[in-house]
Amino acid sequence: RDMSYAYWTLGMISSNIEEYIKSEDYFNESLNIGLELGDRQVQAYALSGLSETARLQGKLPKALDLIDEAIRRRDLPLENQALIELLMQRVSIYIELKNFELAKNDLEVYLLPKIEKLKYNYYLTHVCFYLLIVYEKLDRNIFESYLEKTSTLINENNYFFFLNQQ
């Protein structure tokens, strides 16, 4: 299992330096180890990495298929932080595909209620930013309410660094 994480890490590094063929090779090695072990968590991480690599290359339908498969393999309750991160990754792909309705559904039906309940303020700020993007396209009145909520979260939680990351 340790080797799968080593390959996953190499895949992330390769993606970050835009060596996508190497990245895919490393993530596939990680996935193969996960398959050999029957470890669905390792498989999900590898598929998530493959999805991100596809997204970075502009292969959005492939990225969406991969992240959906990663979510299926995680098979965890929504309270699990890893599943929340996979859903957030899917939302970002939906937004890039300009499928704002599906992004809104994941954000409002799955993510927002759980994140608010669990008081994951860092994720809550991300969700609100994504909802800003979605509602800028779908409903300007709701956009204004999320703009205020996001601003309040940033100020209350000193997330000024967050603005620089986006």
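Higher on the page you've got the structure.
Residues numbered from 1 in each chain as written. Predicted model: local features only at pLDDT ≥ 70, side-chain atom pairs only at ≥ 80, totals over all residues. Heavy atoms only, no water.

### Some words on the packing of helix α2 (residues 20-37) against helix α3 (residues 40-56)
Alright, step 1. It is at 8 Å that the axes of α2 and α3 come closest, and there the two elements cross at 160°. One way to sum up the angle between α2 and α3 is to call them roughly antiparallel. In this structure, α2 meets α3 at a crossing whose hand is left-handed. Taken together, the residues of α3 that come into contact with α2 (itself represented by Tyr20, Ser23, Glu24, Phe27, Asn28, Ser30, Leu31, Gly34 and Leu35) are Val42, Gln43, Ala46, Leu47, Gly49, Leu50, Thr53 and Leu56.
Alright, step 2. Across the contact of α2 with α3, the residue classes break down as nine nonpolar, seven polar and one charged. (Axes fitted to C-alpha atoms, helices over the stretch in contact; angles between N-to-C directions. Helix = DSSP H or I, 4+ residues; strand = E, 2+ residues; numbered from the N terminus. Parallel < 35°, antiparallel > 145°, perpendicular 65-115°, else oblique. Left-handed = near helix turned anticlockwise from the far one by under 90°. Contact = heavy atoms within 4.5 Å. Nonpolar A, V, L, I, M, F, W, Y, C, P; charged D, E, K, R; others polar.)

### Some points on the pattern of salt bridges
Two side chains with opposite charge may pair up if their charged atoms get near one another.
Alright, step 1. Taken as a whole, this structure holds 11 salt bridges when the rule is applied.
Alright, step 2. A salt bridge links Asp106 to Arg90; the shortest N-O distance between them is 2.8 Å. In this pair, Asp106 is assigned in helix α6 (residues 100-118) and Arg90 in helix α5 (residues 81-96), connecting sequence segments 16 residues apart.
Alright, step 3. We classify Arg90 as buried; its relative accessible area is 13%.
Alright, step 4. One network of salt bridges, in which partners are shared, links Glu52, Arg55 and Glu96. (Salt bridge = Lys/Arg side-chain N within 4 Å of Asp/Glu carboxyl O. Buried < 20%, exposed > 50% of the residue type's maximum accessible area, 1.4 Å probe, protein only.)

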